[in-house]
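Next come the chains, spelled out residue by residue.
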Amino acid sequence: MTTWNIDTPKTEYYDHTSRDLQNFVNEVTAAKLKSIDTETTGLCIWKDIPLYWSLAFGERRATLHASALPYFTDAFNDPTTRWVLARAKYDAHILANVGIELKGQLADVQVMHSLLFCERSHRLKDICQHLFGWRWMDFQDTFGKIGKLQTAEQLIRKAEAHDMSMLAEYAANDAWGTLACYHELKSQLEQAPTHSLFRDIAPYIRTLWDLYEKVEMPYTKVLWFTERNGIQINKAYLDSISPTAVAEIQATEREIYKLAGRAFNPRSPAQLHQYFFEEKKYTAVKFNKVGKTGVRNKSVDSSVLEVWASHDPMAALLLKHREYTKLHGTYIVGLAEHADQFDRIHTTLNQDIARTGRLSSADPNLQNVPGAENDKWKLRGAFVARPGHKLIVADYKQLEMRLLACASLDPDMISVIERGWDIHMGSAAMIFGKPYEDIVAAKKRPHAQLTDYDKECLADRAAAKTIGFGLIYGMGTKKLANSLHCTVKEAQSKIDQFLATYKAVDAFKDEAIKEAMATGYAFTIMGRRRDLPEIASHRNDERASGERKARNTPIQGSAADVVKMAQINLYKANLHGRYNCIPVLQVHDEIIHECPDEAVPEAMAEIQDWMEHPFVIDLAVALEVDIKAGNSWYEAK
DNA sequence: TTAGCGGGCGCG
DNA sequence: AAAGCGCGCCCGCTAA
């Protein structure tokens, strides 16, 4: 198989001994727009290093040996260069692992592609095929499988001994393809009209290129810096609770076997089926969603086990077993395995995965670490600051609800917020006609002293909160009734009361659907747009799903925009240079910094200020941030 | 052995 | 018939 199905310029090759290297260095340094890619020892962003690397600029393409890297210092240090990459943060890490920082801009073609085609794959090979119909063999097809027997490094060593020209061609293809994608995607982004969800932002964002250049491109650098910093963990603590957890799990298993009268695997849904549905003849409480196979399976998830647990100790034991094995496998063992030599964890914050524009976190996922409610072993206490430092944890108060108020301009919802009321308690007061103070008082009172009226107040607040979120998500009455433990009729009447109180919110949800119908897209504050073809589907279930996305995406996506802008502004404000205060994590509506003790007050004030004013113009509703410093994530929350 | 899927469940 | 948005990881299971 040929490597390409198109013609390309000849691939140049250099290493540190090449006689014409200096000429090439000069030309590379002069080119201000260029793509770069690395062939590495592996996929670890804090450990692996480049073996070969490739460049493309203008009509040239080259593969270089890692030994040539030191000759390009001026190019790497040039702040005016725009580096074009595919999976930019990864290559930037690999280069940083040998002391090279790309000081210019980082443009990532995968992120560019995701703004236009969020439903498609953003792997370089797939983008090239999608945009140009180009194909070339991928790494594993060219060199062999990476697995237990062969590492990436061994494959490259084999290739360089066997057929160096094939290796050079392969490496240069990636840089060449990346640069070609950049030009094409820039042109498509410039021709993609969009608009801000909010009038005041509209003049700044006219095309998706504006969104890319003003938000996503600078954000890539912020995320790279955040990943690079990593977050400190107390590995000794995790290691110390692991045996405890194992012992608890084993004890639970022994109880399970005793009760069942035999040994079976409590982790296996199939064996749970056998036990509950065939031996005990239980009837199904609920069914799983139909997947590809179209089979409706009886569920044995925690909500089902909870129903059974009231009369069946086995269900209670299994719930306990699930909780403990989840915590142990995913977090206690899982997290410790990811620590670097300084006990810091470097997650990957994906910028091109979530359809709404949110980040996703992987390897490991640090955005799903249990909160206080599910944190039996205080796992958030294992995320710490270095000695002499504090973690500063800042999170938005009800960001999505405030953005709903902004988007709908609902005067009553806005007035609740402007009075400084807790939004859910305020909603409960407005909707159900109770004095706000009564609800506040009920919330404060110890559980044992609650009067019936207090309980009613708390139920009203819970209802207002659930309806508020449910509205954003498009929850149905059945689901609402389920989570409020009331009848469908009562749930419907509560929704009616909510929407009668917040009339503009009611209108917004219809407007959002109407706009998506008219344009085919859902839009956010910064003009991100999500293609929603299913909004016009003739299939009712598909269309309903499209409608839920149409009203959710503007809110969830705008919340993502807000946090991104805050992070970009904070990076520009240079807290790292001025205070050694560094960003270490983002969890959707929460930003975590690590800060030297002496700079904590100043840094906190600046973080709060930038988070509350993320745009050049303030929104119709103030944004509020809770901020706290402590020795660990647990302490500072 | 590995890859892919489904079930289950952690977060916002 | 089912009807909540957005993610990633662990485990069991099956197919290759």
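Overview of the structure. (Residues numbered from 1 in each chain as written. Chains lettered and ligands numbered in written order. Predicted model: local features only at pLDDT ≥ 70, side-chain atom pairs only at ≥ 80, totals over all residues. Heavy atoms only, no water.)

**Considerations on the environment of Cys-581**
With respect to the element layout, Cys-581 can be found in the loop between helix H23 (575–579) and strand S15 (582–586). Exposure remark for Cys-581: the relative accessible area of 1% places this residue in the buried category. Apart from the residues lying within four places of it in its own chain, the contact partners of Cys-581 are Leu-575, His-576, His-593, Glu-594, Cys-595, Pro-596, Ala-603 and Ile-607. (Helix = DSSP H or I, 4+ residues; strand = E, 2+ residues; numbered from the N terminus. Buried < 20%, exposed > 50% of the residue type's maximum accessible area, 1.4 Å probe, protein only. Contact = heavy atoms within 4.5 Å.)

**Structural notes on the protein's contact with DNA strand C**
Near DNA strand C there are 31 residues, and of these Ser-268, Arg-296, Ser-360, Tyr-473 and Lys-479 occur at the shortest range. Of what DNA strand C places within 4 Å of the protein, 75% of the atoms are sugar or phosphate. Between DNA strand C and Ser-268, the relevant distance is 2.5 Å, taken from a phosphate oxygen to a side-chain nitrogen or oxygen of the residue. At 3.1 Å from a base oxygen of DNA strand C is found a side-chain nitrogen or oxygen belonging to Gln-556. For the surface near DNA strand C, the secondary-structure elements that each account for two or more residues are helix H11 (269–279), helix H13 (313–336), strand S10 (360–362), helix H18 (452–473) and helix H22 (540–572). With four residues, H22 is the single largest residue contributor to the surface near DNA strand C. Within the surface near DNA strand C, the residues separate by chemical class into seven nonpolar, 14 polar and ten charged. (Near = heavy atom within 4 Å. Polar contact = N/O pair within 3.5 Å; in protein donor to acceptor, adjacent residues only side chain to side chain. Nonpolar A, V, L, I, M, F, W, Y, C, P; charged D, E, K, R; others polar.)

**Structural notes on the protein's contact with DNA strand B**
Taken together, the neighbourhood of DNA strand B is formed by 24 residues, with Asn-288, Asn-297, Val-300, Arg-322 and Gly-371 sitting nearest. Considering the 4 Å shell around the protein, atoms of DNA strand B inside it are sugar or phosphate in 80% of instances. A distance of 2.8 Å separates a sugar or linking oxygen of DNA strand B from a polar side-chain atom of Asp-589. When residues in the surface near DNA strand B are grouped by element, the largest group, three residues, is from H13. Taken together, the residues of the surface near DNA strand B sort by class into five nonpolar, eleven polar and eight charged.

**Section: the side chain of His-424**
Along the chain, His-424 falls in helix H16 (residues 423–432). Setting aside chain neighbours within four positions, we find His-424 in contact with Gln-398, Met-401, Arg-461, Ala-464, Lys-465 and Phe-469.

**Observations concerning the layout of surface pockets**
Empty space within the second largest pocket amounts to approximately 810 Å³. If you go around the second largest pocket, you meet 16 residues; those closest to its centre are Lys-286, Ser-303, Lys-478, Lys-479 and Asn-482. Listed by contribution, the elements that provide at least two residues to the lining of the second largest pocket are helix H12 (302–309) and helix H19 (477–484). In terms of residues, the lining of the second largest pocket owes the most to one element, H12, which gives five residues. By residue class, the composition of the lining of the second largest pocket is four nonpolar, five polar and seven charged. (1 Å grid on protein atoms, 1.4 Å probe; cavity = no way out; pocket = protein on both sides within 12 Å on 5 of 7 lines; lining within 4 Å. Points joined across faces, edges and corners; volume = space filled by probe spheres on them.)

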